[in-house]
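Summary of structural features
Spelled out from the first residue to the last, the chains are:
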Amino acid sequence: MESEYGDIPLHCEVRWPSAGNCSKSFFALRSEVFDFLKSKNIGQQFYEDLKKLITEFNSRFKDFYILKPKFELFSSNPMTVDISVQPPDFQIELCDLQADCFLQSKVNLPPEEFWKLCSQEKYPTLRNFSLEMLSLFGSIYICESAFSTMNLIKSKSRNRHQSILKT
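This is a predicted model, so every value here is computed, not measured. (Residues numbered from 1 in each chain as written. Predicted model: local features only at pLDDT ≥ 70, side-chain atom pairs only at ≥ 80, totals over all residues. Heavy atoms only, no water.)

As a further point, take the nonpolar core. Soluble globular proteins: nonpolar side chains tend toward being buried together. Judged by nonpolar contacts, the single largest core of 16 residues is most densely connected at Leu73, Leu94, Leu97, Trp115 and Leu126. Elements with a contribution of two residues or more to this core: helix H4 (62–75), helix H5 (88–99), helix H7 (111–117) and helix H8 (124–153). With seven residues, the next largest nonpolar core counts Phe34, Tyr47, Leu50 and Ile54 among its residues. (Core = buried A, V, L, I, M, F, W, Y, C linked by side-chain atoms within 4.5 Å. Buried < 20%, exposed > 50% of the residue type's maximum accessible area, 1.4 Å probe, protein only. Helix = DSSP H or I, 4+ residues; strand = E, 2+ residues; numbered from the N terminus.)

What follows covers the packing of aromatic side chains. All chains considered together, the criterion is met by four aromatic pairs. Relative to phenylalanine 129, the ring of phenylalanine 74 has its centre 6.5 Å away and its plane inclined at 80°; by these criteria the two rings are edge-to-face. With phenylalanine 74 in helix H4 and phenylalanine 129 in helix H8, the pair connects residues that are 55 residues apart, well separated along the chain. Neither residue differs from the other here; phenylalanine 74 and phenylalanine 129 are each classed as buried. Ring geometry for phenylalanine 114 and tryptophan 115: centres 5.5 Å apart, planes at 85°, overall edge-to-face. An aromatic cluster is defined as three or more aromatic residues linked by ring pairs; in this entry it consists of Phe74, Phe90, Phe114, Trp115 and Phe129. (Phe/Tyr/Trp six-rings, centres within 6.5 Å; stacked < 30°, edge-to-face > 60°.)

Right, let's talk about the side chain of glutamate 93 for a bit. Along the polypeptide, glutamate 93 turns up in helix H5. At a separation of 3.0 Å, a polar atom in the side chain of glutamate 93 contacts the side chain of threonine 125. Filtering out sequence-adjacent residues up to four positions away, glutamate 93 remains in contact with Lys122, Tyr123, Pro124, Thr125 and Leu126. (Polar contact = N/O pair within 3.5 Å; in protein donor to acceptor, adjacent residues only side chain to side chain. Contact = heavy atoms within 4.5 Å.)

So, about the confidence of the model for the chain. In the predicted model, the chain carries a mean pLDDT of 75, and the fraction of residues at 70 or more is 72%. By mean pLDDT, helix H9 (residues 156–166) is the weakest element of the chain at 56, and H5 is the strongest at 91. (pLDDT = per-residue confidence, 0-100.)

Position of glutamine 86 relative to the elements: it lies in the loop between H4 and H5. If near-sequence neighbours (up to four positions away) are discounted, glutamine 86 is found in contact with Pro69, Lys70, Leu73, Val81, Gln91 and Leu94.

If you walk through the whole model with that rule in mind, you get two salt bridges. With its nearest N and O atoms 3.1 Å apart, the salt bridge here joins lysine 122 to aspartate 100. Remark: aspartate 100 occurs in the loop between H5 and helix H6 (101–104) and lysine 122 occurs in the loop between H7 and H8; sequence separation between them is 22 residues. Where glutamate 113 meets lysine 116, a salt bridge forms, and the shortest distance between an N and an O atom there is 3.6 Å. Within this pair, glutamate 113 and its partner lysine 116 are both found in helix H7, separated by three residues, close to a single helical turn. (Salt bridge = Lys/Arg side-chain N within 4 Å of Asp/Glu carboxyl O.)

Rendered as structure tokens:
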């Protein structure tokens with residue numbers, strides 16, 4: 001099989017941030033999973049359920065395919081991105097950005113650092129876009145913080161102390 005991931009672990013304990021990586025691997029291998037299930041005649045019902053699940057996934061997350069050029073622009077090297085596939089309101093600023101000698105020298109920075117260097121005066125649309133993309137990750141941080149706090153509250157040692165107090 002020629003895919004990015006060679007294997008999916010059948011069972012492993014994963015923390016919440018790692019669960020997304022496991023889902024990403026499974027989603028990338030979905031066609032290989034179908035081929036495997038067909039070739040081994042394993043669980044026709046499982047195969048049908050998985051097919052329905054992927055159809056449902058595609059219908060719920062179809063907006064992400066529309067936003068794919070924006071995600072690629074934010075996460076990849078903006079100096080080499082194909083301008084023609086970007087939204088029209090970004091294209092002129094992207095041409096100017098790719099011609100900027102100062103920003104060409106900063107291309108190896110992480111995306112969040114690179115976009116901070118873009119001038120609000122020269123690139124207002126791209127700068128606002130980058131702030132919008134960065135705010136997405138801030139909301140993920142809040143969720144992760146809440147789960148971490150919940151795990152501290154619901155720890156084994158705390159539950160043990162409460163059971164001792166009840167007796």
